[in-house]
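Chain by chain, the residues:
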Amino acid sequence: MTYLLALDQGTSSSRTIVFDRQGAIVAQAQRELPQIYPRPGHVEHDPMQIWGTQLATAQEALTTAGISASQVTSLGITNQRETTIVWNRKTGQPIHNALVWQDRRAEPVCAQLRADGHAALIQEKTGLLVDAYFSGTKLQWLLDHVPGARAAAERGELAFGTVDTWLVWQLTQGQRHVTDVSNASRTMLFNVHSNTWDQELLDLLKIPRSLMPEVQPSASHFGDTAAQVLGAAIHIGGMAGDQQSALFGQACFAPGMAKNTYGTGCFMLMHTGTQFHPSRNGLLTTSAAQTDTTPQYAL
């Protein structure tokens, strides 16, 4: 018998589920993730707690299932999106707490981008409204406010990632710096037409290219876990942001199908097909890579 291992790293908890070949749940484990609120409008997580709680649930789920890592065919990751982490490539240590998707400290930068007339360009390239919700301005804030961070980034010493990237870095013990298109599309730095990091947007936000992870399709080989992490090397075969993975999980495979997710936030996503579709009222642009709205953008 072989199994699949699903890691679900969310805003308020980390969870792992073991599935058998028929898709039935064999075992699962969950740990609460502490929230950090330094001041109004600031929301943080400790990146080491993100990793620690996720690793603990994976180990517990395997134990509860009574199986070893060598019996797991593949591992998949789904994660809270937009949450921004920067760490030192050599030591693996974060330079600051993660800035959670709810964090609003980068709004002054976003206001300036809108005032300077960059909103249309960003929306055309990324499908996103200019907002502190997304990772790009969070990353810029970290580079500008953590002492020495920008200089270290320009020397190529730092790595950026959303939670998926951070987990793969830990699982592979620093061998893989990767993300998938669904998470990349939530950074405000990813061109959804070319499926690449957009140099013009990186330059606009003063983000060194060396920080950025490699972008792969959501179903692809992201690397293998280091054998000592879970007891055997496991193929990492899938990765997607939580809302996009939930859309797929609800079998919204055809254009026009939509679903709501109710969790820490409320999200509506729609499958829009393979074409880029600007909203008719001008408030929202959607694409195959990025189709969700938060409550403040709901149409």
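Here the structure is shown first, and the text comes after it.
The structure displayed is predicted, hence computed values, not measured ones.

Regarding the pattern of salt bridges
Here is step 1 of the chain: The tally for this structure, following the rule as stated, stands at 15 salt bridges.
Here is step 2 of the chain: With a shortest N-O distance of 3.4 Å, Arg 81 and Asp 242 are connected by a salt bridge. In this pair, Arg 81 is assigned in the loop between β5 (72-79) and β6 (85-88) and Asp 242 in helix α10 (residues 242-249), connecting sequence segments 161 residues apart.
Here is step 3 of the chain: Residue Arg 81 is classed as buried on the basis of its relative accessible area, which comes to 2%.
Here is step 4 of the chain: The closest approach of N and O atoms between Arg 186 and Glu 82, which form a salt bridge, is 2.6 Å. Taken together, the residues Arg 186 in the loop between α7 (181-184) and β10 (190-191) and Glu 82 in the loop between β5 and β6 connect sequence positions 104 residues apart.
Here is step 5 of the chain: Here the salt bridges share partners, and the residues they tie into one network are Arg 81, Glu 82, Arg 186 and Asp 242.

Describing unusual backbone geometry
Here is step 1 of the chain: Phi is positive for Met 188, close to 70 degrees, though the residue is something other than glycine.
Here is step 2 of the chain: In this structure, Met 188 sits in the loop between α7 and β10.
Here is step 3 of the chain: Judged by its relative accessible area of 1%, Met 188 is buried.
Here is step 4 of the chain: The residue Ala 251 is not glycine, and still its phi comes out positive at about 65 degrees.
Here is step 5 of the chain: Topologically, Ala 251 is positioned in the loop between α10 and β15 (258-262).
Here is step 6 of the chain: A residue is classified by how much of its surface remains accessible, and Ala 251, at 37% relative accessible area, is partly exposed.

Brief notes about the sheet that holds β5
Here is step 1 of the chain: A sheet is described by the order of its strands in space; here 6 strands give the open sequence β3-β2-β1-β5-β14-β13, paired in mixed fashion. Strands at the two margins of the open sheet, each flanked by one partner only, are β3 (25-32) and β13 (223-224).
Here is step 2 of the chain: Sheet analysis places strand β1 (residues 3-9) next to β5, joined by 7 bridges and oriented parallel. Bridging from a neighbouring strand, Leu 4 pairs with Ser 74 of β5.
Here is step 3 of the chain: The sheet strands contacting helix α6 (residues 163-171) are β1, β5 and β14 (235-241), and the helix crosses β5 at an angle near 145 degrees.

Looking at the environment of Glu 32
Here is step 1 of the chain: Here Glu 32 is to be found in strand β3.
Here is step 2 of the chain: Each C-alpha atom, one on Glu 32 and one on Ser 14, is 6.4 Å from the other, the two residues being 18 residues apart in sequence.
Here is step 3 of the chain: Those residues in contact with Glu 32 that sit more than four places away from it in its chain are Ser 12, Ser 13 and Thr 53.

How each quantity is defined
Residues numbered from 1 in each chain as written. Predicted model: local features only at pLDDT ≥ 70, side-chain atom pairs only at ≥ 80, totals over all residues. Heavy atoms only, no water. Salt bridge = Lys/Arg side-chain N within 4 Å of Asp/Glu carboxyl O. Helix = DSSP H or I, 4+ residues; strand = E, 2+ residues; numbered from the N terminus. Buried < 20%, exposed > 50% of the residue type's maximum accessible area, 1.4 Å probe, protein only. Pairing = 2+ DSSP bridges. Contact = heavy atoms within 4.5 Å. Axes fitted to C-alpha atoms, helices over the stretch in contact; angles between N-to-C directions.

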